[in-house]
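Residue-level listing of the chains:
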Amino acid sequence: TGIDHLRSTLKKKFEITEKINPKVIMGIEVERDRARRWGKLHQTQFATALFLKHNMSECNRGTETPVDPGMAKAMMLLPTDGPRDPEIIKKYQSLVGDLMWLLKTRPDLLFTVNLLSRYLQCATKEHYNFARDRPLRYLRETLGHGLEFLAGTGEWILTGSADSDLAGDINTARSTLGGHLQIGEIGSLIDYCKLARAIATCTGQAETCALLNMSKSAVWLRGLLEELAHPMT
């Protein structure tokens with residue numbers, strides 16, 4: 001099979017370790033129910049540790065979203081040209097890095113991380129307080145969230161979607177592109193959220209850029225699935 005071929009190819013060039021039914025892989029927790037043909041990847045233990053690390057262990061008030069339009073606009077309007085505190089910048093970068101690690105199983109944090117990453121070199125105390133508040137309260141509300149995969153539910157085909165805003169970044173007038181690809185009813189395989197390189201002059205141009213990015217990912221993923229002996233027709 002494609003998986004056997006991949007395993008043998010890797011063994012020719014690298015020393016690899018194989019473990020049957022691991023519970024944790026590189027910090028990612030694995031749950032299985034073979035009878036239901038169900039699996040889940042999540043990072044509950046890692047997310048829980050963030051509350052203590054960033055002094056939010058006593059936070060019990062959750063929120064339904066990691067960021068809202070008001071918070072995003074407020075962050076974009078914060079001044080960044082004042083004196084820089086290396087200690088605050090280090091703490092801010094550490095928090096954003098932790099949230100980036102969660103993206104392995106939490107695509108719902110993509111835009112949040114994208115927004116926060118714009119201020120890694122110029123973050124102020126106000127930026128840090130924004131980043132520490134709502135995103136971590138959202139994690140408190142959604143600790144058990146992750147990626148679920150379920151076989152045998154409908155047709156096993158590759159589907160996806162993409163979208164974009166128009167000049168959503170106040171400071172640069174660049175648009176934010178987002179999209180995802182999945183197989184079946186659940187089970188996301190590729191997700192992305194990023195600022196477009198070019199400045200769009202209309203909504204149609206911005207959304208075309210988003211679809212182009214998704215199409216490139218779809219072509220790559222179709223090739224990978226074919227190598228794993230699961231071609232998409």
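Rules of the game
- Residues numbered from 1 in each chain as written.
- Predicted model: local features only at pLDDT ≥ 70, side-chain atom pairs only at ≥ 80, totals over all residues.
- Heavy atoms only, no water.
- Helix = DSSP H or I, 4+ residues; strand = E, 2+ residues; numbered from the N terminus.
- Buried < 20%, exposed > 50% of the residue type's maximum accessible area, 1.4 Å probe, protein only.
- Contact = heavy atoms within 4.5 Å.
- Areas by Shrake-Rupley, 256 points an atom, 1.4 Å probe, with all protein chains shown as cover.
- Lys, Arg positive; Asp, Glu negative; His and termini not counted.
- Charge placed at Lys NZ, Arg CZ, Asp CG, Glu CD.
- Disulfide = S-S within 2.5 Å.
- Expected span 1.5 Å × (residues − 1).
- Polar contact = N/O pair within 3.5 Å; in protein donor to acceptor, adjacent residues only side chain to side chain.
- Core = buried A, V, L, I, M, F, W, Y, C linked by side-chain atoms within 4.5 Å.
- Salt bridge = Lys/Arg side-chain N within 4 Å of Asp/Glu carboxyl O.
- Phe/Tyr/Trp six-rings, centres within 6.5 Å; stacked < 30°, edge-to-face > 60°.
- Lys NZ or Arg CZ within 6 Å of the ring centre and 35° of its normal.
- Axes fitted to C-alpha atoms, helices over the stretch in contact; angles between N-to-C directions.
- Parallel < 35°, antiparallel > 145°, perpendicular 65-115°, else oblique.
- Left-handed = near helix turned anticlockwise from the far one by under 90°.
- Nonpolar A, V, L, I, M, F, W, Y, C, P; charged D, E, K, R; others polar.

Counting its secondary structure elements, the protein chain contains 7 helices and 7 strands. Counting from the amino terminus, helix and strand elements in the protein chain follow one another as α-β-β-β-α-α-α-α-α-β-β-β-β-α. Across its three principal directions, the C-alpha atoms of the protein chain cover 60 × 45 × 35 Å. Taking all 233 residues of the protein chain together, 38% fall into the buried category. Looking at the protein chain alone, contacts between residues at least 24 apart form 68% of all its contacts between residues at least 6 apart. Split by element, the accessible area of the protein chain, about 14200 Å² in all, is 56% carbon and sulfur. Across the protein chain, the centroid of the 30 positively charged side chains sits 4 Å from that of the 27 negatively charged ones.

Turning next to the state of the cysteines. Chemically, a disulfide is nothing more than a covalent bond linking the sulfur atoms of two cysteines. Evaluated as defined, the whole model comprises 0 disulfides. For the unlinked cysteine Cys 122, the closest cysteine sulfur is that of Cys 193, found at 18 Å. With no disulfide of its own, Cys 209 lies 9.4 Å from the sulfur of Cys 202, the closest cysteine sulfur. With a relative accessible area of 30%, Cys 209 lands in the partly exposed category.

The next point concerns helix α4 (residues 86-102). In an α-helix, one full turn covers 3.6 residues, which means residues spaced three or four apart are oriented alike. Its 17 residues place the ends of α4 25 Å apart at the C-alpha level, agreeing with the 24 Å of an ideal helix rising 1.5 Å per residue. Where α4 is concerned, the buried positions are Ile 88, Ile 89, Tyr 92, Leu 95, Val 96, Asp 98, Leu 99 and Leu 102. Where α4 is buried, its residues contact α2 (44-53), α3 (69-77), α5 (110-116) and α6 (125-141). The residue sitting at the N-terminus of α4 and contributing the capping side-chain oxygen is Asp 85; that oxygen lies 3.0 Å from the backbone nitrogen of Glu 87.

To continue, consider the side chain of Thr 124. Examined against the element boundaries, Thr 124 turns out to sit in the loop between α5 and α6. Overall, the relative accessible area of 19% leaves Thr 124 in the buried class. Within the local environment of Thr 124, its side chain forms a polar contact with the side chain of Glu 126, the two groups lying 3.1 Å apart. Here His 127 takes part through its side chain, which lies 2.8 Å from a polar atom of the side chain of Thr 124. When near neighbours in sequence (up to four residues on either side) are disregarded, Thr 124 contacts Pro 79 and Ile 88.

Time to look at the nonpolar core. Core analysis: the largest hydrophobic core is formed by 29 residues, its most contacted members being Tyr 92 and Leu 139. No other element matches the 6 residues that α4 contributes to this core. Setting aside anything within four residues of it in sequence, one finds Tyr 92 in contact with Met 75, Leu 116, Tyr 119, Leu 120, Ala 123, His 127, Tyr 128 and Ala 131. Counting residues in each nonpolar core, the second largest holds 13 residues, with Ile 183, Ala 218, Leu 225 and Met 232 among its members.

Before going further, it helps to spend a moment on the pattern of salt bridges. Between side chains of opposite charge, a pair can form when the charged atoms approach closely. Here the structure, examined in full by the defined rule, presents 9 salt bridges. We note a salt bridge from Asp 33 to Arg 36, for which the minimum N-O separation is 4.0 Å. Judged by relative accessible area, Asp 33 falls into the partly exposed class, the value being 26%. Taking relative accessible area as the criterion, Arg 36 reaches 48% and is therefore assigned partly exposed. Here Arg 137 and Asp 133 are joined by a salt bridge, their closest N and O atoms 3.0 Å apart. Here Arg 137 and its partner Asp 133 are both found in helix α6, 4 residues apart, which amounts to about one turn of the helix. For Arg 137, a relative accessible area of 9% translates into the label buried. Bridged by salt links that share partners, the residues Asp 4, Arg 7, Lys 11 and Glu 18 form one connected network.

For the structure shown, the criterion picks out 0 aromatic pairs. Here Lys 104 stacks its cationic end above the ring of Trp 101, 4.3 Å away from the centre of that ring. The side chain of Arg 140 reaches across the aromatic face of Phe 51, ending 3.9 Å from its centre.

Another point: the packing of α4 against α6. When two helices pack together, their arrangement is given by the angle between the helix axes and the distance between those axes. Relative orientation of the contacting elements α4 and α6 amounts to 30 degrees, with a least axis distance of 9 Å. Overall, the two elements α4 and α6 adopt an arrangement that is roughly parallel. Taken as a pair, α4 and α6 cross one another with a handedness that is left-handed. Note on element contacts: α6 touches α4 through Lys 125, His 127, Tyr 128, Ala 131, Arg 132, Pro 135, Leu 136 and Leu 139, opposite Ile 88, Lys 91, Tyr 92, Leu 95, Leu 99 and Leu 102. Each residue belonging to the contact of α4 with α6 can be placed in one class, and the counts come to 10 nonpolar, 1 polar and 3 charged.

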